[in-house]
Structure formats: structure tokens, C-alpha cells
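As a plain string of letters, each chain reads:
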Amino acid sequence: MTTYEKLIALLNQHQARYRLMNHEATGKCEAVAAVRGTEVGQGAKALVCHVKGNGIKQHVLAVLPADQQADLAKVADAVGGRRASLASPAEVDSLTGCVFGAIPPFSFHPALKLVVDPLLFERYSEIAFNAGLLDYSVIMNTEDYRTFSNANVVKIIQ
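Source: prediction; values computed, not measured. Each chain carries its own residue numbering, running from 1 in the direction its sequence is written. With the structure being a predicted model, the display of local features is reserved for residues of pLDDT at least 70 and the display and counting of side-chain atom pairs for 80 or more, all residues being used for whole-chain, interface and lining totals. To get the side-chain values, all heavy atoms of the structure are used, and hydrogens and water are removed first.

Here the focus is a positive patch on the surface. In this scheme, patches are assembled from residues that exceed 30% relative accessible area and form no salt bridge. Like charges are connected within 9 Å, while nonpolar side chains (Val, Leu, Ile, Met, Phe, Trp, Tyr) are connected within 5 Å. Here the Shrake-Rupley method, with its probe set to 1.4 Å, supplies the accessible areas, and only the displayed protein chains count as covering residues. Salt bridges are defined as contacts in which a side-chain nitrogen from Lys or Arg sits within 4 Å of a carboxyl oxygen from Asp or Glu. None of His or the chain ends enter the tally, which takes Lys and Arg as positive and Asp and Glu as negative. Note on charges: their place is set at NZ of Lys, CZ of Arg, CG of Asp or CD of Glu. A contiguous patch of positive charge on the surface is contributed by K52, K57, R82 and R83. Mapped onto the fold, K57 is located in strand β3 (residues 56-65). For helices the rule is a DSSP run of H or I covering at least 4 residues; for strands it is a run of E covering at least 2, with both sets numbered from the N terminus onward.

Put into C-alpha cells, the structure is as follows:
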């Protein structure tokens, strides 16, 4: 199954309130928000990070509002590591099955730990994200995401 297929199956399994939209492929947060008709801050930006130090070697899917910047030191702290860096395109592909910019805010890989900044849950009743493909987006109920994403909620923005 593709990441897109896994995502849609997960949303349907949990009876999530969402809508799927097909649009022009774009990797920029501002451009895709305009196409979706959403605010940039509703976007769930998903970054694959590699955390090391303190005996930790962990990949993390760090999810935060698209109008914010991740603090990589906080991402590392979230899983007990010392430092974090963005994963390589090859690591992103092997852990998510997606290209950078198309990653949904769910982990479908056992080696990829999901960490979400609490601000994502605080401002909007719906979040928006790419559905594993650059030309498909999901706009879903924020509480539904919080309920079944199984995320570790930790402050990871600057």
C-alpha cells in the first residue's frame, strides 16, 4: 500500500471528519494553503528528523503548524537525545514513502516516532496536510487528529 492508501484507510477506519482535495502540486506552505483555501497556520508541517546523543539514535516525525519553525534542540529533547538534524531525502523516502513536502502528519513506520507541537491543536478546528502526494491534501478535524494520531505532544517550535 502507498502512504496515500494507508492514510485514507486510517482516516476511514477511525471515521475521521475530513475532506480530500486534488490540486496543483506545490511544495511551499503558503502556496498550498492558498490552493486549499486555508490559513498557513492550519497546515500540519511534517519534518523527518534524525536524533542522536545520550545513547539515542531515533528518527522522529516532528509535526508543527506550517507558519512556525521547528527548534531542533527541542525535537532532540522530546526523545531524550542531544541533537537533531533533518533527515536526508533517502531517509525520508524509506521512512515515509513520500517526497519532502508530501509527508502527512502520521507515522506508518515503526522506526519513526511521532512528536507533535501542542500549538497545532490550539488555534484551528481543522488542520490541513498533504496526503502522501504533492497534489492531494486532506483537511480534517483537529480533535480527530489528536484522538487517533497517538502522538507524543511536546513543545518543539522556536
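In this structure, L11, V63, F106, M140 and Y145 are the most contacted members of the largest nonpolar core, which totals 29 residues. Per-element accounting of this core gives the leading share, 4 residues, to helix α1 (residues 3-13). Setting aside anything within four residues of it in sequence, one finds L11 in contact with A16, Y18, F106, V138, M140 and F148. Here, nonpolar core refers to any group of buried Ala, Val, Leu, Ile, Met, Phe, Trp, Tyr and Cys residues whose side-chain atoms link them within 4.5 Å. Each residue's exposure class comes from its accessible area (1.4 Å probe, protein chains only) as a fraction of the maximum for that residue type: buried when under 20%, exposed when over 50%, partly exposed otherwise. The criterion used for residue contact is that any of the two residues' heavy atoms lie within 4.5 Å.

As a further point, take the pairing of strand β5 (residues 112-116). A large share of β5 lies buried, amounting to 4 of its 5 residues. When DSSP finds at least two bridges between two strands, those strands are taken to pair. Of the strand pairs in this sheet, β3 and β5 are connected by 5 bridges, and their pairing is parallel. Residue pairing in the sheet places A62 in a bridge with V115 of β5. Looking at chain direction, β5 and strand β8 (residues 152-153) are connected through 2 bridges and run parallel. Across the sheet, V115 pairs through a bridge with N152, a residue of β8.

With respect to the secondary-structure elements, Q68 resides in the loop between β3 and α3 (72-78). Among the polar contacts listed, one links the side chain of Q68 to the side chain of D67, at a separation of 3.4 Å. Residues within four places of Q68 in sequence aside, it is in contact with K45, L119, R123 and I157. Whenever two N or O atoms come within 3.5 Å, that pair is a polar contact, provided that in protein one can donate a hydrogen and the other can accept it, and provided that, for residues adjacent in sequence, both atoms are side-chain atoms.

Centres within 6.5 Å make a pair out of two Phe, Tyr or Trp rings, where for Trp the six-membered ring is used; the pair is then stacked when the planes are under 30 degrees apart, edge-to-face when over 60, and tilted otherwise. One pass over the structure, following the stated rule, counts 6 aromatic pairs. Measuring from ring centre to ring centre gives 5.9 Å for F106 and F148, while their planes differ by 15 degrees; the resulting arrangement is stacked. Of the two residues, F106 sits in the loop between α4 (89-96) and β5 while F148 sits in helix α6 (residues 142-148), which places them 42 residues apart along the sequence. Per residue, the accessibility class of F106 equals that of F148, and both read buried. Taken together, F106, F108, F121, F129, Y145 and F148 form an aromatic cluster joined through their ring pairs.

What is shown is where atoms sit, not what they do.
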